[in-house]
Amino acid sequence: MSEQPLFKVTIDNITIEVPAGTTILNAARKIGGEVAPPAMCYYSKLQGSGGKCRTCLVEVSKGSEKDPRPMPKLVASCRTTVMDGMEVKNITSPKVLDARAGVVEFLLLNHPLDCPICDQAGECHLQDLSYDHGKEGTRYEFQRRTFKRHDIGPYIQLHMTRCILCYRCVYVADQLTAKREHGILDRGDHSEIATFIEKSLENDFIGNVIDVCPVGALTDRTFRFKNRVWFLKPMDAHRDCPTCSGKVTLWNRGDEVFRVTSRKDEWGEVENQEDGKPAWICNTCRFEKKHTNDWIIEGPRMINRHSVISAGHYQGNVGLTKPTEIFEAVHSGRHPKVLLDIHSVSEVNRLSIDLSLIEGPAHSTDFNLKKE
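Nothing here was measured: the structure is a model prediction, and the numbers come from that model. (Residues numbered from 1 in each chain as written. Predicted model: local features only at pLDDT ≥ 70, side-chain atom pairs only at ≥ 80, totals over all residues. Heavy atoms only, no water.)

Colleague: What am I meant to see in the packing of aromatic side chains here?
Modeller: To describe a pair of aromatic rings, one takes the distance between the centres and the angle between the planes. Applying the stated rule across the entire model yields four aromatic pairs. Centre to centre, the rings of Tyr43 and Trp280 are 6.2 Å apart; their planes meet at 25 degrees, and the pair counts as stacked. You can see Tyr43 sitting in the loop between α1 (24-31) and β3 (57-62) and its partner Trp280 sitting in the loop between β12 (256-262) and α6 (283-288), a full 237 residues away along the chain. In terms of burial, Tyr43 and Trp280 fall into one category: buried. Ring geometry for Trp230 against Phe231: centres 6.0 Å apart, planes inclined by 65 degrees, an arrangement best described as edge-to-face. Using a relative accessible area of 46% as the deciding quantity, one classes Phe231 as partly exposed. Sitting over the ring of Tyr167, Lys52 keeps its end group 5.4 Å from the ring centre. Above the ring of Phe223, the side-chain terminus of Arg259 is found at 5.1 Å from the ring centroid. (Phe/Tyr/Trp six-rings, centres within 6.5 Å; stacked < 30°, edge-to-face > 60°. Helix = DSSP H or I, 4+ residues; strand = E, 2+ residues; numbered from the N terminus. Buried < 20%, exposed > 50% of the residue type's maximum accessible area, 1.4 Å probe, protein only. Lys NZ or Arg CZ within 6 Å of the ring centre and 35° of its normal.)

Colleague: I keep staring at the pairing of strand β1 (residues 6-11) and nothing clicks. Help me out?
Modeller: For a regular strand, the rule is simple: side chains alternate between the two faces of the sheet. When β1 meets strand β2 (residues 14-19), the two strands line up antiparallel, connected through six bridges. When the sheet's bridge partners are listed, Val9 is paired in β2 with Ile16. From the end of β1 to the start of β2, which pair antiparallel, there are two residues, and Asp12 there has a positive phi angle of about 50 degrees. In this structure, β1 lies alongside strand β5 (residues 86-89), joined through three bridges in parallel fashion. Across the sheet, residue Val9 finds its bridge partner in β5, namely Met86. (Pairing = 2+ DSSP bridges.)

Colleague: Would you explain the sheet that holds β2 in this entry?
Modeller: In a beta sheet, neighbouring strands are held together by backbone hydrogen bonds and run either parallel or antiparallel to one another. With mixed pairing, five strands are arranged side by side in an open sheet as β2-β1-β5-β3-β4. Strand pairing shows two members of the sheet lacking a second neighbour, β2 and β4 (75-76), which therefore form its edges. Packing of α1 onto the sheet brings it into contact with β1, β2, β3 and β5, and relative to β2 it is tilted by some 120 degrees. The strands touched by helix α2 (residues 94-107) within the sheet are β3 and β5, with β3 carrying the most contacts at an inclination of about 160 degrees. (Contact = heavy atoms within 4.5 Å. Axes fitted to C-alpha atoms, helices over the stretch in contact; angles between N-to-C directions.)

Colleague: Explanation requested: helix α4 (residues 168-176) in the structure shown.
Modeller: Helical geometry: 3.6 residues make up each α-helical turn, so side chains three or four residues apart lie on a common side. When α4 is considered as a whole, its buried residues turn out to be Arg168, Cys169, Val170, Tyr171, Val172 and Ala173. Taken together, the buried residues of α4 touch β7 (182-185), β8 (192-195), α5 (208-212) and β9 (218-220).

Colleague: Quick question: what am I supposed to make of the nonpolar core here?
Modeller: Within soluble globular proteins, side chains that are nonpolar generally end up buried alongside one another. Formed by 51 residues in total, the largest nonpolar core has its most connected members in Leu126, Val209, Val215 and Leu218. Per-element accounting of this core gives the leading share, five residues, to α4. When sequence neighbours within four positions are dropped, the list of residues in contact with Val209 reads Ile156, Cys169, Val172 and Leu218. In terms of nonpolar packing, the next biggest core, distinct from the first, is built from 17 residues, Ile16, Ala20, Ile24 and Val58 among them. (Core = buried A, V, L, I, M, F, W, Y, C linked by side-chain atoms within 4.5 Å.)

Colleague: Looking at this model, I keep getting lost on the pattern of salt bridges. Mind explaining?
Modeller: Note that side chains of opposite charge can pair when their charged atoms are close. Taken as a whole and judged by the stated rule, the model has 16 salt bridges. One salt bridge in this structure joins Arg180 and Asp174, with 2.8 Å as the shortest N-O distance. Look at Asp174 and you get partly exposed, because its relative accessible area is 42%. Within this structure, Asp236, Arg263, Glu271, Glu298 and Arg301 form a network of salt bridges that share partners. (Salt bridge = Lys/Arg side-chain N within 4 Å of Asp/Glu carboxyl O.)

Colleague: I'm lost on the side chain of Asn208 in this one. Help?
Modeller: By secondary structure assignment, the location of Asn208 is in helix α5. Given the relative accessible area of 0%, Asn208 is considered buried. Once residues within four sequence positions are removed from consideration, Asn208 is found in contact with Val172, Leu176, Ser262, Trp280, Ile281 and Arg286.

Colleague: It is not clear to me how the packing of α2 against helix α3 (residues 125-133) should be interpreted in this structure. Could you clarify?
Modeller: Packed helix pairs are characterised by how far apart their axes lie and by the angle those axes make with each other. Packing of α2 against α3 brings their axes to within 10 Å, and their N-to-C directions diverge by 135 degrees. When the interaxial angle is binned, α2 and α3 end up oblique. Here the hand of the crossing between α2 and α3 comes out left-handed. Along its contact with α2, which presents Leu97, Arg100, Ala101, Val104 and Leu107, the element α3 presents Leu126, Leu129, Ser130 and His133. (Parallel < 35°, antiparallel > 145°, perpendicular 65-115°, else oblique. Left-handed = near helix turned anticlockwise from the far one by under 90°.)

Colleague: Honestly, the side chain of Arg263 in this entry has me stumped. Any pointers?
Modeller: Tracing the backbone shows Arg263 in the loop between β12 and α6. Beyond its immediate chain neighbours, meaning those up to four positions away, Arg263 contacts Asp236, Ala237, His238, Lys247, Val248, Thr249, Glu269, Val270, Glu271, Glu298 and Arg301.

Colleague: Would you mind showing me how to read the environment of Cys118 here?
Modeller: With respect to the secondary-structure elements, Cys118 resides in the loop between α2 and α3. Overall, Cys118 belongs to the buried group, its relative accessible area being 7%. Along the primary structure Cys118 and Thr219 are separated by 101 residues, whereas in three dimensions their C-alpha atoms are 9.0 Å apart. If we skip the residues at most four places from it in the chain, Cys118 touches Arg162, Gly216 and Arg228.

As structure tokens, this is what we get:
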């Protein structure tokens with residue numbers, strides 16, 4: 001069997017070789033950084049995803065070596081495959097930046113400004129997108145759309161006003177569960193994610209819709225309004241689960257586990273296992289194992305330093321190794337000196353007084369020096 005040919009593609013003046021059939025988006029992700037276009041609907045682990053949100057639009061200034069003509073319009077990088085000799089502009093194209101700002105403005109037309117109370121705040125892709133490409137104000141003058149509240153079970157909370165119709169949750173239910181019970185109802189600006197006859201989403205893997213949702217439309221009800229992600233400490237952990245991979249990220253504060261999520265890569269997608277399959281987790285691991293004794297802790301989760309989650313500077317070997325920034329290391333080997341013995345000056349907390357032998361509660365008079 002012949003090997004797959006490699007195509008040379010140049011994205012923002014950076015050339016890379018990728019196998020034939022690779023999309024422009026995945027080629028840009030191999031380069032990394034700001035060269036990779038943002039994506040709100042594309043999810044590499046879900047078949048059929050992409051091509052809906054239009055945030056990954058790029059400009060193809062050269063089609064290929066055989067046909068160097070540029071493409072007349074901006075194309076969706078998640079659905080367009082590379083050609084040998086193709087040249088693509090992302091952040092170096094004014095057309096792309098202007099179109100992306102328009103897409104962000106469109107996504108925010110009906111999206112409520114409830115980031116202060118949204119559980120997705122701090123790890124919301126729409127927040128990052130609006131910060132990088134959004135505008136200061138909006139030209140929309142009409143009333144935002146509202147929806148009837150749907151109860152989809154005890155574990156998942158649906159906020160339809162925040163939904164951007166990326167269809168990720170629908171693909172998860174189609175491809176991970178035996179029977180899909182929710183989908184898109186109605187058309188146009190009335191389209192919404194819902195169940196047809198108010199069914200509860202109870203499949204053992206349906207909790208993964210929380211991880212794939214790029215906004216706060218689907219959130220964990222067991223974590224609802226309990227804490228902020230930047231106050232929590234994410235730790236990699238695993239357990240021997242007969243249903244799923246058992247590899248998760250614990251979000252805890254002290255010894256209390258506030259929530260459990262799948263491990264995600266730098267693009268916000270679920271990481272792969274050693275066999276190359278996505279490490280989806282079951283509802284038992286996600287919702288019911290909320291104690292540190294249920295897990296084998298591996299260590300702190302590495303978070304991008306630009307993320308608000310890393311504001312606590314917990315990364316690295318926090319709590320696992322002895323710090324080297326001790327007094328002698330900082331002061332060129334000089335040892336600390338005790339300049340003041342506070343006990344002798346304040347005349348309290350004297351070692352000769354045993355609190356356990358004092359009758360009743362201790363008072364200040366118990367520490368006063370008795371005059372001869």
